[in-house]
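What follows is each chain in one-letter form.
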Amino acid sequence: MQKYLDDIVRGLFRENPTFRMLIGMCPPLAVTTSAVSGLIMGLATTAVLICSSTLISVLKSLIPKQVRIPVFIVIIATFVTMIDLILAALVPDVHKVLGLFVPLIVVNCLILGRAEAFASRMPVSRSITDALGMGLGFTWALTFIGCIRELLGAGTLFGATIMGESFVNWQIMQLPPGAFFTMGLIVFTLNLIGNHRARNVQKAARKQIQVVGKEG
Amino acid sequence: MAVAKSKGEGIYQLTLISSPPPHIHAAISVDRIVHMTIASLLPGVIWLLYLFGWQALRVMVLAVGAAILTEMAVMKLRGKENTVYDGTAVVTGLILAFTLPPTAPSWIVVLGAVIAIALGKQVFGGTGCNPFNPAIVGRVFLGVAFPTQLNVWIGPHSSETIASPLELWVAGEALPDYGEILAGTAGSFMGEFAFVALLLGGLILILRGYVDWRVPVGLFGAVAVFMACLGQDPLWHLLTGGVVLGAFYLAGDPVTNPITPWGRLVFGIGVGLCFGIIRYYGQDPDALFFAILLMNGLVPLLNRFLRSRRRGAAA
């Protein structure tokens, strides 16, 4: 049980695909002008990731090693096409905003990366939890970037006006440079926290060694 | 090879001087360059205070103050020795103020200075490590984020809004003549009003050898030739658009220049050409800043391909 929980939590924070591993960087930069489009994009990717990871894990003993990448891509592309059509039917407005980036989930290296590194070597159950953790980590990252860019760039959050009348929209946050600034600053902050923690762990370890040394 | 010791977490850090050999030790220090740069900006400061009074003073004080405070705060956060006394933050703040109009809202000025120092300079490692001119990073951020708030120009000694020379030129209306531009009655951001004072300050920097003459000469030459080829009056385009501020203080910033003489000449010409293209075809009021930012990004490439030939090495 602990293993499955670990798989999920790992994707959310410690190995967050967007903020820690920096893979699949195109959607976080391109479609996060608002929180909603970030959320939908994240969920669409999660759905594709779970489906493709499951199927690849099921079929892993049948896929010849030499042609595994094309096979993975075909499986991923199948699910992306399905998701694309489902989004177009359910949320046509958001689908229009996301545009080309939904079909482009096929080439999101997060999905192929998990297929190659995890699903093709692990049992089905763990592939699902890993895909779930990675997908949710991706989703919250996209939504978070979208929130910041929407709040500063348009003064709204999930479409609701948050900032007062006198707030001046930071137009740059709705433009591509805003995505890079936001992304960079978030990664910077997370690394700062990570380094601080690592240093504390190191300090604690050193203290323990000293204590042990004295006792010995 | 110069080795400087600094207190970097118990390990001595190597500080390498980035210029092609041979090296000679001179009595030039960062402090002295910075003090001279501030001194050379003073005629411009006085001239702008005379033209715009309190408005100009407000922008300058806010920009410099925010730059100093940001520098101190970030140095504290990074756990580094506080180097705010070398004055580079003052220069960045002051030059940022020169790139803004006197009407710029106070909070926008402060935000620009914070971004210039924090994101333009300190994230790259502080003084001397920034690939882009910090003041331009701040200015471009503001220019892209708040175009409607910033592109409001006022004339000297009044609060009446005027059209900038660029806007008059785009609209095909009567252009201000040389006399009006030199007298500071036509312009857009503050640096554009202070042609004579900035030219004076820039010449001081060149005579003292703190700015390589190749950068401004390449820049002025490229702008003049480009505009002349398009059938424009080259002198008018040199006098407007803040070209003089850009040539000496923004593009001339030694930190963000290529290290070889040829590289600097090409750098200056590149800035001039980009400026001409963006201003002529794009009619963008921020052309100068985008041009310099673009060429700053190409500096590593220029350093790589325009190396000085080694003496005695086979050709």
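What this report covers is the structure whose coordinates are included nearby. (Residues numbered from 1 in each chain as written. Chains lettered and ligands numbered in written order. Predicted model: local features only at pLDDT ≥ 70, side-chain atom pairs only at ≥ 80, totals over all residues. Heavy atoms only, no water.)

1. Digging into the pattern of salt bridges
A side chain of one charge can pair with a side chain of the opposite charge when the charged atoms of the two come close.
At step 1: With the rule as written, the count across this model stands at eleven salt bridges over all chains.
At step 2: Glu116(A) is paired through a salt bridge with Arg121(A); the nearest N and O atoms lie 3.7 Å apart.
At step 3: Overall, the relative accessible area of 54% leaves Arg121(A) in the exposed class.
At step 4: Ionic pairing is found between Lys121(B) and Glu71(B), a salt bridge with its closest N-O pair at 3.1 Å. Placement of Lys121(B) in the loop between α4 (106–118) and α5 (134–145) and of Glu71(B) in helix α2 (residues 54–78) is noted, with a sequence separation of 50 residues between them. Take Lys121(B) and Glu71(B): they sit in the same class, and that class is buried.
At step 5: Ionic contacts of the salt-bridge type, sharing partners, join the residues Asp7(A), Arg10(A), Glu15(A), Arg114(A), Arg126(A) and Asp130(A) into one network. (Salt bridge = Lys/Arg side-chain N within 4 Å of Asp/Glu carboxyl O. Buried < 20%, exposed > 50% of the residue type's maximum accessible area, 1.4 Å probe, protein only. Helix = DSSP H or I, 4+ residues; strand = E, 2+ residues; numbered from the N terminus.)

2. Comments concerning the environment of Thr92(B)
All names here are of chain B.
At step 1: Checked against the element boundaries, Thr92 lands in helix α3 (residues 88–98).
At step 2: As a C-alpha pair, Thr92 and Gly138 span 46 residues in sequence and 9.5 Å in three-dimensional space.
At step 3: Non-local contacts of Thr92, meaning those with residues more than four positions away in its chain, are made with Ala116, Ile117, Pro134 and Ala135. (Contact = heavy atoms within 4.5 Å.)

3. Observations concerning the layout of surface pockets
At step 1: Considered as a void within the structure, the second largest pocket measures approximately 590 Å³ in volume.
At step 2: Phe188(A), Leu192(A), Val74(B), Leu77(B) and Arg78(B) are, among the 18 residues lining the second largest pocket, the residues nearest its centre.
At step 3: Elements represented by at least two residues in the lining of the second largest pocket include exactly α9 (176–215) of chain A together with α2 of chain B.
At step 4: Examining the composition of the lining of the second largest pocket, we find that seven residues originate from one element, α9(A), more than from any other. (1 Å grid on protein atoms, 1.4 Å probe; cavity = no way out; pocket = protein on both sides within 12 Å on 5 of 7 lines; lining within 4 Å. Points joined across faces, edges and corners; volume = space filled by probe spheres on them.)

4. Let's talk about the interface of chain B and chain A
At step 1: In this complex, chain B contributes nine residues to the contact, which on the side of chain A involves eight residues.
At step 2: In total, chain B and chain A occlude about 890 Å² of area from one another, counting both sides; carbon and sulfur atoms represent 84% of this.
At step 3: When the buried area of chain B at its contact with chain A is split by residue, Leu119(B), Phe141(B) and Val144(B) rank highest and sum to 45% of it.
At step 4: Put simply, chain B and chain A have zero salt bridges between them.
At step 5: The tally of links between chain B and chain A comes to one residue pair in polar contact (both at pLDDT 80 or more).
At step 6: Mapped by element, the contributors of at least two residues to the side of chain B that touches chain A are α4, α5 and α6 (147–150) of chain B.
At step 7: Among the elements that take part in the side of chain B that touches chain A, α5(B) stands out by supplying three residues, more than any other. (Buried area = accessible area lost by both parts, 1.4 Å probe. Polar contact = N/O pair within 3.5 Å; in protein donor to acceptor, adjacent residues only side chain to side chain.)

5. Overview of empty space enclosed by the protein
Residues and elements named next belong to chain B.
At step 1: Going through the model one piece at a time under the given rule, you end up with one cavity of 30 Å³ or more.
At step 2: Approximately 40 Å³ is the volume found for the largest cavity.
At step 3: Trp153, Ser164, Pro165, Leu166, Ser188, Glu192, Arg279 and Pro285 are the residues that line the largest cavity.

6. Some thoughts on the environment of Met163(A)
Residues and elements named next belong to chain A.
At step 1: Looking at where Met163 falls in the secondary structure, it is placed in the loop between β2 (160–161) and α8 (171–174).
At step 2: On the basis of relative accessible area, Met163 is assigned to the partly exposed category, the value being 27%.
At step 3: Each C-alpha atom, one on Met163 and one on Thr32, is 19 Å from the other, the two residues being 131 residues apart in sequence.
At step 4: Aside from chain neighbours lying at most four places away, what touches Met163 is Leu151 and Gly155.

7. Side note on helix α15 (residues 287–305) of chain B
All names here are of chain B.
At step 1: Across its 19 residues, α15 extends 26 Å between first and last C-alpha, which sits within 8% of the 27 Å expected from 1.5 Å per residue.
At step 2: Its axis deflected by about 45 degrees at Leu298, α15 carries its strongest bend there, up to four residues before the proline Pro300.
At step 3: Against the buried residues of α15 lie α5, α13 (243–250) and α14 (261–282). (Expected span 1.5 Å × (residues − 1). Bend = angle between axes of the 7 residues up to and from the residue.)

8. Things to note about the packing of helix α10 (residues 195–207) of chain B against α13(B)
All names here are of chain B.
At step 1: In contact at an axis separation of 9 Å, α10 and α13 are set at 25 degrees when each is read in the N-to-C sense. By the angle class used here, α10 and α13 are roughly parallel. For the crossing formed where α10 meets α13, the hand is left-handed. On α13, the residues that touch Phe195, Leu198, Leu199, Gly201, Gly202, Leu203, Leu205 and Ile206 of α10 are Val244, Leu245, Phe248 and Tyr249.
At step 2: Partitioning the contact of α10 with α13 into residue classes produces ten nonpolar, two polar and no charged. (Axes fitted to C-alpha atoms, helices over the stretch in contact; angles between N-to-C directions. Parallel < 35°, antiparallel > 145°, perpendicular 65-115°, else oblique. Left-handed = near helix turned anticlockwise from the far one by under 90°. Nonpolar A, V, L, I, M, F, W, Y, C, P; charged D, E, K, R; others polar.)

9. Points about α3(B)
At step 1: The buried fraction of α3(B) amounts to ten of the eleven residues, a majority that puts the element mostly inside the structure.
At step 2: What α3(B) keeps buried is the set Thr88(B), Ala89(B), Val91(B), Thr92(B), Gly93(B), Leu94(B), Ile95(B), Leu96(B), Ala97(B) and Phe98(B).

10. Some details on the environment of Pro103(A)
Residues and elements named next belong to chain A.
At step 1: Mapping Pro103 onto the fold places it in the loop between α5 (92–98) and α6 (109–119).
At step 2: Residue class for Pro103 comes out partly exposed when judged on its relative accessible area of 34%.
At step 3: When the C-alpha atoms of Pro103 and Met82 are compared, they prove to be 10.0 Å apart, with 21 residues separating the residues in sequence.
At step 4: If we ignore the near neighbours within four places in the chain, the residues touching Pro103 are Val80 and Asp84.

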